Amino acid sequence: MRRRTMAMFFDPAGTRYGVPTWPWRMAPPHLLTRRQLAACGLRPGGQPIAGQVLWRSRRYNAPGGVRAAYLYDVRLALPKRIASPAQRAALAKALTVRRTCPECGTDAGYVLSRHLGVCLECADAWEIAS
């Protein structure tokens, strides 16, 4: 079964799937996924998909039981962008707003549920009062 799956997903010319395709763990070393690029401090940088890795999976209700990971050429990758101090400050401010309860005005220490809209203490107090 394993050999048949490997043969089915082995298409380095891209004739069957439209892009070069390899089975799990058989892609050339210069082709990496987005996560692998990020671990190296790189990003795809607008380059097209250079290939894909296909494998059979019973998880996540993949269509046909096949999952894909797209590959990018590390030689064309660019360094990750670094946020400016102003961008970091804006992000910190936005995250603080998401943690602040509109009822009691305290920082809950976690992102408030959009369903409740308030911290758990205020939600419990409202539920007890009802």
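Everything numeric here is computed off the predicted structure, so don't read it as measured data. (Residues numbered from 1 in each chain as written. Predicted model: local features only at pLDDT ≥ 70, side-chain atom pairs only at ≥ 80, totals over all residues. Heavy atoms only, no water.)

1. Here's the deal with the pairing of strand β5 (residues 66-73)
Here comes step 1: Sheet topology note: the strand β2 (residues 31-32)/β5 ladder contains 2 bridges and is antiparallel. Residue pairing for β5: Leu32 is matched across the bridge by Tyr72.
Here comes step 2: By the bridge criterion, 6 bridges tie strand β4 (residues 51-56) to β5 in an arrangement that is antiparallel. Across the sheet, Leu54 pairs through a bridge with Ala68, a residue of β5. (Pairing = 2+ DSSP bridges. Helix = DSSP H or I, 4+ residues; strand = E, 2+ residues; numbered from the N terminus.)

2. Points about the pattern of salt bridges
Here comes step 1: By the definition in use, this model includes 2 salt bridges.
Here comes step 2: Close ionic contact of Arg75 with Asp73 constitutes a salt bridge, the shortest N to O distance being 2.9 Å.
Here comes step 3: Residue class for Arg75 comes out exposed when judged on its relative accessible area of 60%.
Here comes step 4: Of the charged contacts in the structure, one is a salt bridge between Asp107 and Arg99, with a shortest N-O distance of 3.2 Å.
Here comes step 5: Since its relative accessible area comes to 43%, Asp107 is described here as partly exposed. (Salt bridge = Lys/Arg side-chain N within 4 Å of Asp/Glu carboxyl O. Buried < 20%, exposed > 50% of the residue type's maximum accessible area, 1.4 Å probe, protein only.)

3. Some words on the pairing of β4
Here comes step 1: Extensive coverage of β4 is indicated by the burial of 5 of its 6 residues.
Here comes step 2: Across 3 bridges, the pairing between strand β1 (residues 21-23) and β4 is parallel. Bridging from a neighbouring strand, Pro23 pairs with Leu54 of β4.

4. Digging into the sheet that holds β4
Here comes step 1: One open sheet holds the 4 strands; their spatial order is β1-β4-β5-β2, and the pairing between them is mixed. Edge positions in the sheet fall to β1 and β2, since each has one partner strand and no second.

5. Observations concerning a nonpolar patch on the surface
Here comes step 1: A cluster of nonpolar residues, Tyr110, Leu116 and Leu120, forms a patch on the protein surface that exposes about 250 Å² of accessible area.
Here comes step 2: Tracing the backbone through its elements, the reader meets Tyr110 in the loop between α3 (85-99) and α4 (120-129). (Patch = residues over 30% accessible without salt bridge, like charges linked within 9 Å, V, L, I, M, F, W, Y side chains within 5 Å. Areas by Shrake-Rupley, 256 points an atom, 1.4 Å probe, with all protein chains shown as cover.)

6. Re unusual backbone geometry
Here comes step 1: In the Ramachandran plot, Arg25 falls in the positive-phi region, its phi being about 65° despite a non-glycine side chain.
Here comes step 2: Tracing the backbone shows Arg25 in the loop between β1 and β2.

7. Some words on the side chain of Asp11
Here comes step 1: Tracing the backbone through its elements, the reader meets Asp11 in the loop between α1 (2-9) and β1.
Here comes step 2: The side chain of Asp11 is buried and forms no salt bridge, while Arg16, the nearest opposite charge, is found at 5.4 Å.
Here comes step 3: A distance of 2.8 Å separates the side chain of Asp11 from the backbone nitrogen of Arg16, its partner in a polar contact.
Here comes step 4: Among residues more than four places away in sequence, those in contact with Asp11 are Arg16, Tyr17, Val19, Pro20 and Thr21. (Lys, Arg positive; Asp, Glu negative; His and termini not counted. Polar contact = N/O pair within 3.5 Å; in protein donor to acceptor, adjacent residues only side chain to side chain. Contact = heavy atoms within 4.5 Å.)

Worth remembering: the numbers are spatial, not functional.
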